[in-house]
Protein chains: 2
Amino acid sequence: MERIIASIITIGDELLIGQVIDTNSAFIAQELNKAGVWVKRRVAVGDSKEEIIRALNEESRDTNIIIITGGLGPTADDITKPVLCEYFGGRLVMNEDVRKHLMYLFEQVFRRPIIERNLKQAEVPDVCTVLPNARGTAPGMWFEKEGKVFVSLPGVPHEMKGLITNEVIPRLQQTFAMPFISHRTLLTAGIGESYIAETIRDWEEQLPAHLKLAYLPNYGMVRLRITGWSTNKTHLENELNTEFDKLKILVREWLVIDEDATLPMALHKLLRSRNKTMTTAESCTGGYIAHLITAIPGASNIYKGSIISYDNAIKISALQVSPATLQKNGAVSEEVVSEMAAGALASMNTDYALAVSGIMGPDGGTPEKPVGMVWVAAGDRNKLVTQKFQFRFDRDRNIEMTATQALNLLRKFIVENP
Amino acid sequence: MERIIASIITIGDELLIGQVIDTNSAFIAQELNKAGVWVKRRVAVGDSKEEIIRALNEESRDTNIIIITGGLGPTADDITKPVLCEYFGGRLVMNEDVRKHLMYLFEQVFRRPIIERNLKQAEVPDVCTVLPNARGTAPGMWFEKEGKVFVSLPGVPHEMKGLITNEVIPRLQQTFAMPFISHRTLLTAGIGESYIAETIRDWEEQLPAHLKLAYLPNYGMVRLRITGWSTNKTHLENELNTEFDKLKILVREWLVIDEDATLPMALHKLLRSRNKTMTTAESCTGGYIAHLITAIPGASNIYKGSIISYDNAIKISALQVSPATLQKNGAVSEEVVSEMAAGALASMNTDYALAVSGIMGPDGGTPEKPVGMVWVAAGDRNKLVTQKFQFRFDRDRNIEMTATQALNLLRKFIVENP
């Protein structure tokens, strides 16, 4: 069976000027991949007819599926629809279903009068199949040309996601006979990409050609993913399971979780399996660790709340840190994070606590306590472990690195102190 | 003067499978743009020799500059360097400066033994200029071919950023005569893209061809950006100032800030200008609002801390919400967010407070209080304003929308109650 190949085209000057980060392509690539479609290229072009047509020509050259997002809004810089209409040799006609949906949205949901500019969103090329967009105004459009499928979707992420999941993937599965693609992913922490590569070299070299290993490093963690493809699903799954088991043993020392999950998700799972709760007492991370925990559905099962004590006065009043400890050691110290963790355990009445204090930059560093220095404490009522980190570079990265290392310290504490 | 055109190639299977979101391209595009380089296309391809060469050929066809990131790591799936070496007709040679830098990093910074695989990162094509990477192991490489510049950079964001800022931009400015590009950006809230377009249509239509307006909608806010290009800097800046002043008047009702800043940055600026402080009492946003505030340098000037009261028990113990109020109205109610805000003002001793409580989903909704329902309170010791929101769709988006609307409610309160 031939592999089905796709390319993704994102349209919009905002992508080329860098004011918007393209998260759509990653979601589309993930969903296509799960369905057995290999994404070969992703291209971003501006709101220019010439560039859109060049991309349509080039991206359809040796692919089966071309997914296009963006440029379908109601404003003058959105030119995708007329360009597609011309490209596929159609003309714009009013679509009654889309018009009714627009009227419903404006009357019942947005509750504001519909204007001409919005109504034009109900005009679609007469050579496409309309994909209804339950979440927004611009419909998806499905074109077929010379055995290839072209799908145009709005660029608003939650609208695009609804269309991909509910319309595009099911229709692609009906249109193409897909080979089977499957993945196995695990997450490691505390070890560099090259050390892992060295450790698993013999195993990696003996992998058959249809299994491929990828290293995905991110903020001090490395995700390892084996991807396989085959026409025989059962055979492939067995093969992947065997190789994945070997890999897990090779990296067991640094293994966080043996699935495609993040560190906060691994911590969630660990706490739920033990029916325990946690809290955070955050200074320098300013609520970011709490956010990582609460961004995951079901957080209320394992998390009660946090004290963000950015100011020292709050460390004293809300976390019962002793003014003498602060005075003697400074806010960024082993003693202060230990008292913050103990205070959080007491005031939040949880099983575990995580406390952090550090200097994220760009200002606030001293020769003794430079930017990037962080103290972390993790533990329960019986025991606390502490660790000092020294990160470098910019504020965003220091906040991210601190959160990652802190969450991993707590995870290890829980694993090692059952 | 001719416009200088660039294309960005990002390399890595992880981009095509969607496990990594490409933030590098946005940064590179921004920096090139500021320097007067127009980015025409962005392409992502896999770790495949054939695809990399296709991209190098296609992207250099009608551009002056090709920036390549990724695929320079020490592992087997990173093939960019040998492919570039072959493409430009060179051979890999050990570079003594890079080798010394690697030794320094491993001995002094990482403090672990260097292995063969890492040392190979000091091998570079003999046909390139090496760009030193102060922040990591893989150096940048600068190639010139037929009047075009090709630059290869590591994909690790903070390493790539250092190289772009310190090496690539200054060298490009020496190599090309750049036309002048300039932008004016403002942020609006509380109004849709099409209403703005309708409101400013006459003004937009009279803009000269070398000034272009872009609408950048994001989470209930719309950023408007005018971009202009010219060989005459003074003339262009004057022209942009004149048009920007007109635009500001047209959208004054919804204007958050008249610069390229985010809502949290606008709130920072407002609080600093009045020498005031704020706090947050967050339930459903779980620390995300505090994070948005504290991610900005200098947050300690305007922010003291927060209580994240995910659990109702914490709302009572840490925020002095009355158990009777909770019992009678439920956690997601005007009464409870008002008491949360009052409790936060008292315990954090700030000038302003922002409190949120809602149901982010996917679970936890009821017919009376569906997923996406949120109450927000904002104010000071004398006065509180409250607002109810009903968002739809997924948890991530609901958290983001809640934070945006809450921050805007507080911003408006401060502006209207000086």
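Let me sum up the structure you'll find in this document. (Residues numbered from 1 in each chain as written. Chains lettered and ligands numbered in written order. Predicted model: local features only at pLDDT ≥ 70, side-chain atom pairs only at ≥ 80, totals over all residues. Heavy atoms only, no water.)

**Considering the overall build of chain A**
Rules: Helix and strand definitions here come from DSSP, where helices need a minimum of 4 consecutive H or I residues and strands a minimum of 2 consecutive E residues; each element is numbered from the N-terminal end. A 1.4 Å probe rolled over the protein chains alone gives each residue an accessible area, and that area as a share of the maximum for its type sets the label: buried under 20%, exposed over 50%, partly exposed in between. Any pair of residues with heavy atoms lying within 4.5 Å of one another is described as a contacting pair. Only the protein chains shown count as covering a residue, and every accessible area follows the Shrake-Rupley method with a 1.4 Å probe. When charges are counted, Lys and Arg contribute as positive and Asp and Glu as negative, whereas His and the chain ends are disregarded. Lysine's charge is taken at NZ, arginine's at CZ, aspartate's at CG and glutamate's at CD.
Of regular secondary structure, chain A possesses 16 helices and 17 strands. Seen through its C-alpha atoms, chain A measures out along the principal axes to roughly 75 × 60 × 40 Å. Across the 418 residues of chain A, 60% fall into the buried class. For chain A, contacts bridging at least 24 residues in sequence account for 67% of all contacts bridging at least 6. On chain A, roughly 16,500 Å² of surface is accessible, and the fraction owed to carbon and sulfur atoms is 49%. Side-chain charges in chain A split into 46 positive and 50 negative, and the spacing between the mean points of these groups amounts to 4 Å.

**Considering the environment of V415(A)**
Residue and element names in this part refer to chain A. Following the sequence through the fold, V415 ends up in helix α16 (residues 395-416). According to the relative accessible area criterion, V415 is partly exposed, its value standing at 42%. Between the C-alpha atoms of V415 and L271, which are 144 residues apart in sequence, the distance is 9.9 Å. Once residues lying within four places of it in the same chain are set aside, the contact partners of V415 are L270 and R274.

**Some details on the side chain of S309(A)**
Note on placement: S309(A) falls in strand β14 (residues 303-309). Not counting residues up to four positions away in its chain, the partners in contact with S309(A) are E282(A), S283(A), I314(A), K315(A), L319(A), M340(A) and K304(B).

**Structural notes on the sheet that holds strand β3 (residues 65-69) of chain B**
What counts is decided by this rule: Any two strands between which DSSP finds at least two bridges are classified as paired. Orientation is described by axes fitted as lines to C-alpha atoms, over the contacting stretch for helices, and by angles from 0 to 180 degrees between their N-to-C directions.
Taken in spatial order, the 12 strands line up as β6(A)-β7(A)-β8(A)-β3(A)-β1(A)-β2(A)-β2(B)-β1(B)-β3(B)-β8(B)-β7(B)-β6(B) in an open sheet, and their pairing is mixed. Each having just a single partner strand, β6 (129-131) of chain A together with β6 (129-131) of chain B make up the two edges of the open sheet. Ignoring strand direction, the axes of neighbouring strands in this sheet form an average angle of 20 degrees. Here strand β2 (residues 37-45) of chain A runs beside strand β2 (residues 37-45) of chain B; their pairing, made up of 5 bridges, is antiparallel. Note that in β2(B) the partner of R42(A) across the bridge is A44(B). In this fold helix α7 (residues 157-175) of chain A packs onto β3 (65-69), β6, β7 (140-145) and β8 (148-153) of chain A, with an angle of close to 170 degrees to the strand it touches most, β8(A). Contacting β1 (4-11), β3, β7 (140-145) and β8 (148-153) of chain B, helix α4 (residues 80-87) of chain B runs over the sheet at an angle of about 20 degrees to β7(B).

**Considering the interface of chain B and chain A**
Spelled out, the test is: A 1.4 Å probe defines the accessible area here, and the buried area is the portion of it lost by two parts on being joined, summed over both. Just to be clear on terms, a salt bridge is a Lys or Arg side-chain nitrogen sitting within 4 Å of an Asp or Glu carboxyl oxygen.
With 98 residues of chain B at the contact, the number on the chain A side is 97 residues. For the pairing of chain B and chain A, the buried interface totals around 8,000 Å² over both sides, and the portion due to carbon and sulfur atoms is 53%. When residues of chain B are sorted by the area they lose upon contact with chain A, Q19(B), R41(B) and R42(B) head the list and together hold 9% of the total. Across the contact surface, chain B and chain A share 12 salt bridges. Close ionic contact of E58(A) with R41(B) constitutes a salt bridge, the shortest N to O distance being 3.3 Å.

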